[in-house]
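This is what each chain is made of:
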Amino acid sequence: MSPEEEIILKDSKPTDFIREAVAEDLKNGRFKNVRTRLPPEPNGYLHIGHVKAFMIDYLVAKENGGELILRFDDTNPTKEETEFVEAIEEDARWLGIKWAKVTFASDYFDELYEWAKKLVLAGKAYVDDQTQEEVIANRGTLTEPGKNSPYRDRDVEENMDLLERMKDGEFPAGARILRAKIDMAHPNINMRDPAMYRILHEPHHRTGDKWKIYPLYDWSHGQNDSMEGVTHSLCSLEYENHRPLYEWFLDQLNVFKPRQIEFARLNMNYTVMHKRKLRRLVEENHVSGWDDPRMPTLRAMRRRGYTAEAILDFINRVGVAKNYSVSDVALLESCVREDLNKNSLRRMAVLKPLKVVIDNYPEDQTEEMDAINNPEYPNAGTRQVPFSKVIYIEQDDFRETPPPKYYRLFPGNEVRLRYAYFIKCTHVVKDDKGEVIEVHATYDPATQGGSASDGRKVKSTIHWVSAKHAKEAEIRMYDRLFTKEDPEEGDEGFLNCLNPNSLEILTGFVEPHLASPEIGSRFQFERLGYFCVDKDSTKEKPVFNLTVNLKDTWTKIEKR
RNA sequence: UGGGGCAUGGUGCAAUGGCAGCACACCAGCCUUUGGAGCUGUGGAUCUUGGUUCGAAUCCAGGUGCCCCAGCCA
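The model shown is predicted, which means the values in this text are computed figures rather than measured ones.

Conventions adopted
Residues numbered from 1 in each chain as written. Chains lettered and ligands numbered in written order. Predicted model: local features only at pLDDT ≥ 70, side-chain atom pairs only at ≥ 80, totals over all residues. Heavy atoms only, no water. Helix = DSSP H or I, 4+ residues; strand = E, 2+ residues; numbered from the N terminus. Contact = heavy atoms within 4.5 Å. Areas by Shrake-Rupley, 256 points an atom, 1.4 Å probe, with all protein chains shown as cover. Axes fitted to C-alpha atoms, helices over the stretch in contact; angles between N-to-C directions. Parallel < 35°, antiparallel > 145°, perpendicular 65-115°, else oblique. Left-handed = near helix turned anticlockwise from the far one by under 90°. Buried < 20%, exposed > 50% of the residue type's maximum accessible area, 1.4 Å probe, protein only. Pairing = 2+ DSSP bridges. Right-handed = clockwise from strand over helix to strand, strands pointing away. Near = heavy atom within 4 Å. Polar contact = N/O pair within 3.5 Å; in protein donor to acceptor, adjacent residues only side chain to side chain. Nonpolar A, V, L, I, M, F, W, Y, C, P; charged D, E, K, R; others polar. pLDDT = per-residue confidence, 0-100. Phe/Tyr/Trp six-rings, centres within 6.5 Å; stacked < 30°, edge-to-face > 60°. Patch = residues over 30% accessible without salt bridge, like charges linked within 9 Å, V, L, I, M, F, W, Y side chains within 5 Å. Salt bridge = Lys/Arg side-chain N within 4 Å of Asp/Glu carboxyl O. Lys, Arg positive; Asp, Glu negative; His and termini not counted. Charge placed at Lys NZ, Arg CZ, Asp CG, Glu CD. Core = buried A, V, L, I, M, F, W, Y, C linked by side-chain atoms within 4.5 Å.

Within chain A one finds 14 helices and 25 strands. Overall size of chain A, expressed as C-alpha extent along the three principal axes, is 100 × 55 × 45 Å. In chain A, once contacts between residues fewer than 6 apart in sequence are set aside, the share between residues at least 24 apart is 71%. Accessible surface computed for chain A: about 25700 Å², of which carbon and sulfur atoms make up 47%.

Have a look at this one:
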C-alpha cells in the first residue's frame, strides 16, 4: 500500500449510513463481496463535486476488500467525447483513485439489446409510435394519472419486428421509442411506461455507426450494474425516485440485483457546480478556460496549487449524509492551508513594492542572510538570502500615519526585517501627488540576524527583497469568483454576481531562489500566502498563482 | 392538491432510549524572528405540538418548512 493510500484509509471513518448499510449487507449475506462503480458521463471535466461521489465509491469498495470499476456512462452520443474520457481518468488518477478496470456503458449495448428483447417477448415492453408531444401530453401530471398509449397493446411479434427495424435504422430519429410497460397511473412518474430506447442517427465515440438506437439512463445503468456484478450502486439524491424503476427492470429480468443507495451531493458556497453553468463561464470568457484557477474543476484547482491531499481531507471532513447541504469554501481553504503549512518551503516575495533605502548601510555591500526554509519541518534546512542597501518592502507594511495597533514601519518606528536587521524609519520621499515613493531608514548593525544584543524587542517583523538581487515576477491574486454565497439564488442569474475583483495581476519581486522555479511547485510567501508556479512562467518572468492567503488577523483588526 | 426524501450551533457532520459532541467559522487570551503556525478558553443548536418512558435529538401521532420528480438528458 502506498503512503497516499494509507492516508486515505486512516482518515476515513466508516461511520456514515452508506458504510453501515454495506456492512449490514455483508453481515446478513445479501452480498458476499463489495463492488462499486464510478459512473461519470464523458461530457465535461471533473469538478470538486465529483470528488465526493468518487471517494465514496472508491473507499466503500476498498474498505471492504472489494473493487471499483470506472464505467463511463456513454449512452448519449450527441454529448459525449473521447477527449473527456482521458481528462476524467487523468483527474481521477491525480486524486489517487485506483480502479480494477475501465468499462463503458457502450460495451454492453449488444447484451442490453438482448435483454430488451426478453422484456418485449415477456410482454413487458412495447414500441410506441406516438410523437414526443403525444408522449408528454399522455404522461399526465404530478397530480393526474397518464393515459395509455394507443400502441400499448401491440402484440409481441409486431413489437419485435418494429424494435428490430428501429435498430436497423429504418425509421427517422425520434419516430418511435421502446417503452417499458408498467403503469400509466403510477404516482411515481418514472414508472409511467418509461422510455428504454430512442432512435438517434448519431455516430458514437466508441461504437461508431453501428447503432441507430441508444438506451436511456434508466434502462442502461442498473442493467450494466448487474452485468458487472456491482453490489452497491451509490448515487445522488435525485435518483431516489428512480430506484423503483431500477429494481423493476432487474426483477422482470430476474438477474443479479445490486442495491442502489442515494446520498446528498456536494455543494459549495461562492461557486457553481453545474456543467452547463461552468461551460458558460468558459464560453463567454468570464474565465480563461476550464483550468482557470478560479474554476471549481480539478484541473483548475491543481493549477491553482491545491493538493490532492487537501481536497481529499476536505471531502472527508464534509462527511456523507442525506441532508441537502452547502459546504463552506472556508473549510476547503483551511484544509489546504493545513497541508501547505506543513509541506511548503518559505520564500520572500514582495507583491506591491515600496522602495526602502537604508542610509547608513554601506553602498556596495551585500550580505547573505540565513533563512529557514520551513519552520514546521527543520529538515528542510536553510538558505541564504542576499541583503543590501536598497530593498523592497510591501506597501502595506508602511504607513505614514499609523492607525491604532499598527506595529509595522512608520516614521520613528523600528521593525525587524526578517532574518536581517532592525531598521528604523527616518523620513520619506513623496512624488508630486503626495504619494510616498521612497522610505528612508537606518539599520542597527548590532541586530544582525534579527535579534538585538541589548535584548531590545520590536513588535513587528516584515519581509523584504534586496532590490539589486530581486527577480521580477507576475503574481496572480485570486479571490472567489462570485460575490454571493449562493450565486444561483434569486432571479438575476449567476453571471450577475461575478466578482469583478476575482483576479488581480501584480508585478512584484521575488527573492533569487524563486528566479526560475519548477512549474507546479508550491511555496509559502512569508506573511502573504501560498503560491503555485503557473505554466505561463517564462525564463524571464516566473508567474505565481495565489492558492490561498495566510490567515490575516491584521485586516480583521483594521476593519473594526 | 400526487409520489419520494430531509430537518441538530453560522456551516458541515456525530450522538443508533442514558451527561448533545467534533471540525470549520466566530470571539477572547497566551506564545511567536511570519499579525502565519501552535496552545488555552468563551459564546452559541436538537423545526413545532402532543404522546410513550424513570429518562427522547433518537420511539409514536399530528403540524410546519425545505429539496427532488411531469427529457426520446444523466
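After presenting the structure, the write-up continues.
So, on to the packing of helix 5 (residues 109-121) against helix 7 (residues 156-167). One can describe the packing of helix 5 onto helix 7 by two numbers: an axis separation of 9 Å at closest approach and a directional angle of 160°. The angle between helix 5 and helix 7 places the two elements in the roughly antiparallel class. In terms of crossing hand, the pair formed by helix 5 and helix 7 is right-handed. Across from Tyr113, Lys117, Val120 and Leu121 in helix 5, the residues of helix 7 making contact are Val156, Asn159, Met160, Leu163, Glu164 and Lys167.

Taken residue by residue, a regular strand's side chains alternate between the two faces of the sheet. Burial runs high along strand 2 (residues 67-72): five of the six residues are buried. Both strand 1 (residues 35-38) and strand 2 contribute to a ladder of four bridges, which runs parallel. Looking at the pairing, Arg37 lines up with Ile69 of strand 2. Viewed along the sheet, the connection from strand 1 through helix 3 (residues 48-63) into strand 2 turns out right-handed. Bridging between strand 2 and strand 3 (residues 101-104) involves four bridges; their strand directions are parallel. Considered in strand 3, the bridge of Phe72 is made with Phe104. Where the polypeptide runs from strand 2 across helix 4 (residues 82-95) and back to strand 3, its parallel neighbour, the crossover connection is right-handed.

Counting buried residues along strand 8 (residues 232-236), five of its five residues qualify, which places the element largely inside the surrounding structure. Each parallel crossover has a hand, and the one from strand 8 via helix 9 (residues 243-253) to strand 9 (residues 259-263) is right-handed.

Now for the protein's contact with RNA strand B. Near RNA strand B there are 65 residues, and of these Glu20, Thr75, Arg346, Gly449 and Gln524 occur at the shortest range. Taken together, the sugar and phosphate atoms account for 66% of what RNA strand B places within 4 Å of the protein. The separation between a base nitrogen of RNA strand B and a polar main-chain atom of Gln132 is 3.3 Å. A distance of 2.9 Å is found between a phosphate oxygen of RNA strand B and a backbone nitrogen or oxygen belonging to Tyr217. If you list the elements that add at least two residues to the surface near RNA strand B, you get helix 6 (132-137), strand 6 (195-199), helix 12 (308-318), helix 13 (329-343) and helix 14 (553-559). Residue composition of the surface near RNA strand B, grouped by class: 23 nonpolar, 20 polar and 22 charged.

This next bit is on the confidence of the model for chain A. Summary statistics for chain A give a mean pLDDT of 95 and a share of 98% for residues scoring 70 or more. Below a pLDDT of 50 lies the segment residues 1-13, which in the model reaches 19 contacts outside its immediate sequence neighbourhood of four places, other chains included. The complex model carries a pTM of 0.95, and its ipTM stands at 0.97.

Our focus in this paragraph is the packing of aromatic side chains. Note on aromatic pairs: each is described by the distance of the centres and the angle between the planes. Per the stated rule, a full pass over the model turns up 23 aromatic pairs. Between Phe109 and Trp211, the aromatic rings sit 5.8 Å apart at their centres with planes inclined by 80°, giving edge-to-face as the arrangement. With a gap of 102 residues between them, Phe109 in helix 5 and Trp211 in the loop between strand 6 and strand 7 (213-215) connect regions that are remote in the sequence. For the pair Phe109 and Trp211, one class covers both residues: buried. On the basis of an interplanar angle of 55° and a centroid distance of 5.5 Å, the ring pair of Phe387 and Tyr421 is categorised as tilted.

A word on a positive patch on the surface. Taken together, the side chains of Lys405, Lys459, Lys551, Lys556 and Arg560 make up a positively charged region of the molecular surface. For Arg560, the location among the structural elements is in the segment after helix 14. Its relative accessible area of 77% is what places Arg560 among the exposed residues.

Residues Ile48, Val51, Ile97 and Leu281 are the most contacted members of the largest nonpolar core, which totals 53 residues. Sorting the residues of this core by element identifies helix 3, strand 2, helix 4, helix 10 (275-283), helix 11 (298-304), helix 12 and helix 13 as the ones contributing at least two each. Sequence-distant contacts of Ile48, defined by excluding residues within four places in its chain, comprise Leu266, Met268, Met273, Pro296, Met301, Ile311, Phe314, Ile315 and Leu332. Ranked by size, the runner-up nonpolar core spans 31 residues in total, among them Phe109, Phe171, Leu178 and Phe249.

What follows covers the sheet that holds strand 18 (residues 436-443). If you trace the seven strands from one edge of the open sheet to the other, you get 19-16-17-18-12-15-20, paired in mixed fashion. Each edge of the sheet is formed by a strand with only one pairing partner; in this case those strands are strand 19 (461-462) and strand 20 (465-466). Here four bridges tie strand 12 (residues 353-358) to strand 18, and the two strands are oriented parallel to one another. If you follow Val357 over to strand 18, its bridge partner there is His440.

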